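Report on the structure
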2 protein chains.
Amino acid sequence: MEKKPITIKEIAKRLNISVSAVSKALHDDKSIGLRTKMQVKKMAEELNYQPNQTAIFLQSGKTHTIGVILPHLSETFFPQVICGIEDVAIKNNYVVLLGQSNEDPERELMLLESMKKHRVDGILISISKDTTNYDRLAKYKETIPMVFVDRIPDMKEIHYVACNMVSGTIQAVSYLLQKKHRVIGMVNGPEKFFASKERLDGYRKALEKHRLKYDTSLVINCDLSRDEIQEAVKALLNHKRKPTAIVAFHDNAAMEIIEYLMSTKKDKQITVVSFANLPMTAHSIFRPAASVEQYPYLQGQKGMEILLDIMNTKQIAAESPSPYYKIILDSHLKLLKP
Amino acid sequence: MEKKPITIKEIAKRLNISVSAVSKALHDDKSIGLRTKMQVKKMAEELNYQPNQTAIFLQSGKTHTIGVILPHLSETFFPQVICGIEDVAIKNNYVVLLGQSNEDPERELMLLESMKKHRVDGILISISKDTTNYDRLAKYKETIPMVFVDRIPDMKEIHYVACNMVSGTIQAVSYLLQKKHRVIGMVNGPEKFFASKERLDGYRKALEKHRLKYDTSLVINCDLSRDEIQEAVKALLNHKRKPTAIVAFHDNAAMEIIEYLMSTKKDKQITVVSFANLPMTAHSIFRPAASVEQYPYLQGQKGMEILLDIMNTKQIAAESPSPYYKIILDSHLKLLKP
DNA sequence: TTGAAAGCGCTACCAC
DNA sequence: GTGGTAGCGCTTTCAA
């Protein structure tokens, strides 16, 4: 089989007219007579003609493809981000080129390079947790419309959509305080994460609001690996002011922490709150008392909308430097059924 | 900013040589002198030249892109399939165009169409659960190399990789029998699903092996919605031969079933086994006693490998109809910690 | 109302 | 060794 695809040229030949006439007819150009228009369309239909998009891409310089780079898809968080992106993308006739960095900055860079090569019209990225060399990223944002989602680097002059963790953290800590906890520990992510900073910020603000003093040693940074999380918990349990509640960096950390607490005879009753509000958390035996919702679907949607916008305005007014989008959604604490 | 990208032509002009020379130099063609080769490369480097892939795509007729269509990413199963696909794809210099059908046959078709337009070199697809019109799918497999993964339609002459559920089901039922269960119910998926047929097959075979008679009324088909699952469980609980164990279609169904059982005072002790072995299941309060592992990552890997193979052989020997790949992995029962 | 031709950026064949 | 040129499939401008 494998007959080669029908081209515009083929149609032209069969109808004994020019390729340009065919092209125009197919696009309902008004300069083409109704008669030939009909003929052309009929023939196209018969031969099951499909325009070769790659030719159109080359011609137009656009690919109607956007690149999406995410750290991984193993939890439901990022898949939901994709859903938001994809739904908006499809509505606007874009397709999604997906790449997972697997939290590896090298692979992330390789994906960026590969997507650039494929001439994607724009990129949505949630950076890997170990990405520190922002200069390498910056190179791309100069040449391709780029929007950062959820995990945003500490860079100037970027478009991004993120969820403000400060408000959620304040709610989380306030919730604990209201439950009469007075010593609250925190197992935070790496210090350099923007996300860690936000959580710490919210934590401090909440304490301040309740006129409690902030004790640095109750906040422990870790790389979120199983081991370091355990170390962090142990440190808190051995603390001279042993906490009765813990704020975890995210649901996964929370579950690890609770699993550990449950394995120790006497610390089962420590309350844990966390971030992400993953659906699976609700059923887990190691579920926290509450979790801060970060609206991944919405973030994806918004991110894609921003990207569409900058891709469009770039075409129209390349000279006027458009302002940078900084969309920040507020996070909210969700209580989980006990 | 927005200076237009450097082309081969620009390099040629600056160096006062021909475009063909530049092209060849860039490809290390042996017919080009070392001197000019160096010059060209240096200039390319300086100008930060990036070949325009869309031009190459048009020229070569290949896009080095494969389309992946999955029902959804909400559970960890399909994300793991993607991982397998992506890892192999990247190694072979392919990128992944992703689309979720959301279990909607119309959207699935639209995605196929859109990917065809984008001239993907091949397609990996796991069909939506409501896809019944296979003719519409068949149209695509004639023109684009296509491999079905995990959810395969009941069609002839297709390439696929799937997991044989029969062996896993036999193991699951045998496990229950060995635990002295003598009346085993089954909450199966829709009757038309191939996956449902396999499970039923395994169920019957296991009973046969143990010389127990097969009672049709203990197997209930449902559409796997929350409501129908509940109805199915109720029917089983009201059965004159009330089962002491249930085989569920997959982990999600199992969790729904167990949630329901736990809400009824007296049926908590009914044992449930299921399929998928999702990581989250292990921590769930509603976790089954055991689950059949279906190796999603491996399926993705194999699927991509097959696709690569047929894409390659198609180029080389289009005339000889290659045999159809039918890779079937055996499934295995995994016990979950109580 | 239609057609010819240039051109998008690149490759590859054939002359020189 | 190097350069000219045709062509991948399509759009678009300009002439007829």
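Residues numbered from 1 in each chain as written. Chains lettered and ligands numbered in written order. Predicted model: local features only at pLDDT ≥ 70, side-chain atom pairs only at ≥ 80, totals over all residues. Heavy atoms only, no water.

**Considerations on the sheet that holds strand β6 (residues 184-188) of chain B**
Residues and elements named next belong to chain B. Under the convention used in this document: Paired strands are those between which DSSP finds at least two bridges. For the purposes of this entry, the term helix denotes a DSSP run of H or I that reaches at least four residues, the term strand denotes a run of E that reaches at least two, and both are numbered from the N terminus. An axis is simply a line fitted to the C-alpha atoms; with a helix, the fit covers only the stretch in contact. Between two such axes, the angle follows the N-to-C directions and lies from 0 to 180 degrees.
Read across the open sheet, the six strands follow the order β7-β6-β8-β9-β10-β12; overall the sheet is mixed. The strands lining the two open edges of the sheet, one partner per strand, are β7 (219-221) and β12 (332-335). Taken pair by pair, the neighbouring strands of this sheet meet at an average axis angle of 20°, ignoring direction. As defined by bridge partners, β6 adjoins β7 across three bridges and the pair is classed as parallel. Across the sheet, residue Asn188 finds its bridge partner in β7, namely Asn221.

**A few points about the protein's contact with DNA strand C**
This is how it is decided: Residue proximity to a molecule or strand is established when one non-hydrogen atom of the residue lies within 4 Å of it. What qualifies as a polar contact is a pair of N or O atoms within 3.5 Å, subject to a donor-acceptor requirement within protein and to the restriction that residues adjacent in sequence count only when both atoms come from side chains. Classes in brief: Ala, Val, Leu, Ile, Met, Phe, Trp, Tyr, Cys and Pro nonpolar; Asp, Glu, Lys and Arg charged; the others, Gly included, polar.
Around DNA strand C sit 24 residues in total, of which Lys24(A), Gly33(A), Gln59(A), Ile8(B) and Tyr49(B) are the nearest. Taking all atoms of DNA strand C within 4 Å of the protein, the share assigned to sugar and phosphate is 63%. Gly33(A) places a main-chain nitrogen or oxygen 2.6 Å from a phosphate oxygen of DNA strand C. Between DNA strand C and Tyr49(B) there is a distance of 2.6 Å, counted from a phosphate oxygen to a side-chain nitrogen or oxygen. A per-class count over the surface near DNA strand C returns nine nonpolar, twelve polar and three charged.

**Remarks on the pairing of strand β6 (residues 184-188) of chain A**
Residues and elements named next belong to chain A. Going by this rule: Only protein chains enter the calculation, and the probe is 1.4 Å; a residue is then buried if its accessible area is under 20% of its type maximum, exposed if over 50%, and partly exposed in between. When the strands point away from the viewer and the path from the first strand over the helix to the second turns clockwise, the crossover is right-handed.
The element β6 is extensively covered by neighbouring structure, given that five of its five residues are classed as buried. In β6, alternate side chains face the same way, and those of Ile184, Met186 and Asn188 on one face and Gly185 and Val187 on the other are all buried. Two elements, β6 and strand β8 (residues 245-248), share four bridges in a ladder whose sense is parallel. Paired with Gly185 across the strands is Ile246, a residue of β8. Crossover handedness for the path β6 to helix α9 (residues 194-209) to strand β7 (residues 219-221): right-handed.

**So, the interface of chain A and chain B**
Note the following rule: Contacts: residue pairs with any heavy atoms within 4.5 Å of one another. When two parts are put together, the accessible area they lose, computed with a 1.4 Å probe and summed over both, is reported as buried area. The rule for a salt bridge is simple: a side-chain nitrogen of Lys or Arg has to be within 4 Å of a carboxyl oxygen of Asp or Glu.
Taken together, the contact pairs 48 residues of chain A with 49 residues of chain B. When chain A packs against chain B, close to 4,300 Å² is buried across both sides, 58% of that on carbon and sulfur atoms. For the pair chain A and chain B, the number of links is four salt bridges. On inspection of chain A and its partner chain B, the count reaches ten residue pairs in polar contact (both at pLDDT 80 or more). Elements that contribute at least two residues to the side of chain A that touches chain B include exactly α4 (53-60), α5 (77-91), β2 (95-100) and α6 (105-117) of chain A.

**Describing the UniProt feature "domain: HTH lacI-type" (unreviewed entry) in chain A**
Stated precisely, the cut-off is as follows: UniProt positions are given in the numbering used here, feature names are shortened, and annotations may be inferred rather than shown by experiment.
The sites that UniProt annotates as "domain: HTH lacI-type" (unreviewed entry) are residues 6-60 of chain A. Between the C-alpha atoms that bound residues 6-60 of chain A the distance is 21 Å, and the span itself is 69% helix and 0% strand.

**Notes on the protein's contact with DNA strand D**
Taken together, 24 residues lie around DNA strand D, and Ile8(A), His27(A), Tyr49(A), Lys24(B) and Gly33(B) are the ones closest in. The sugar and phosphate moieties of DNA strand D supply 62% of its atoms located within 4 Å of the protein. Asn52(A) places a polar main-chain atom, nitrogen or oxygen, 3.1 Å from a phosphate oxygen of DNA strand D. The side chain of Ser20(B) places a nitrogen or oxygen atom 3.1 Å from a base oxygen of DNA strand D.

**A closer look at the side chain of Thr76(A)**
Tracing the sequence through the fold places Thr76(A) in the loop between β1 (65-70) and α5. For Thr76(A), a relative accessible area of 13% gives the class buried. Each residue touching Thr76(A), except ones within four places of it in the same chain, is listed here: Leu278(A), Pro279(A) and Ser74(B).

**Examining the pattern of salt bridges**
Residue and element names in this part refer to chain A. Summed over the entire model, instances satisfying the criterion amount to 30 salt bridges over all chains. Between Lys141 and Glu142 there is a salt bridge, and its shortest N-O distance comes to 3.2 Å. Since its relative accessible area comes to 17%, Lys141 is described here as buried. Judged by its relative accessible area of 47%, Glu142 falls in the partly exposed class. Taken together, the salt bridges that share partners define one network made up of Asp28, Lys37 and Lys41.

**Details of the domain arrangement of chain A**
For clarity, the threshold we go by: In this entry, domain limits derive from an automatic or database-based domain assignment.
Splitting chain A by domain gives domain 1 (8-51), domain 2 (65-163 + 296-329) and domain 3 (165-293). The C-alpha centroid of domain 2 of chain A is placed 39 Å from the C-alpha centroid of domain 1 of chain A.

**Some details on the sheet that holds strand β10 (residues 290-293) of chain A**
Sheet strands line up and pair through hydrogen bonds in the backbone, either parallel or antiparallel. Residues and elements named next belong to chain A. Reading across the sheet, the six strands line up as β7-β6-β8-β9-β10-β12 and stay open at both edges, with mixed pairing between neighbours. Of all the strands in the sheet, the pair left with one neighbour each is β7 and β12 (332-335). When the angles between neighbouring strand axes are averaged without regard to direction, this sheet yields 20°. Bridge analysis of β10 against β12 gives four bridges, and the strand direction is antiparallel. Bridge pairing in β12 places Ser291 opposite Lys334. Lying over the sheet, α9 contacts β6, β7 and β9 (271-276), oriented at roughly 170° with respect to β6.

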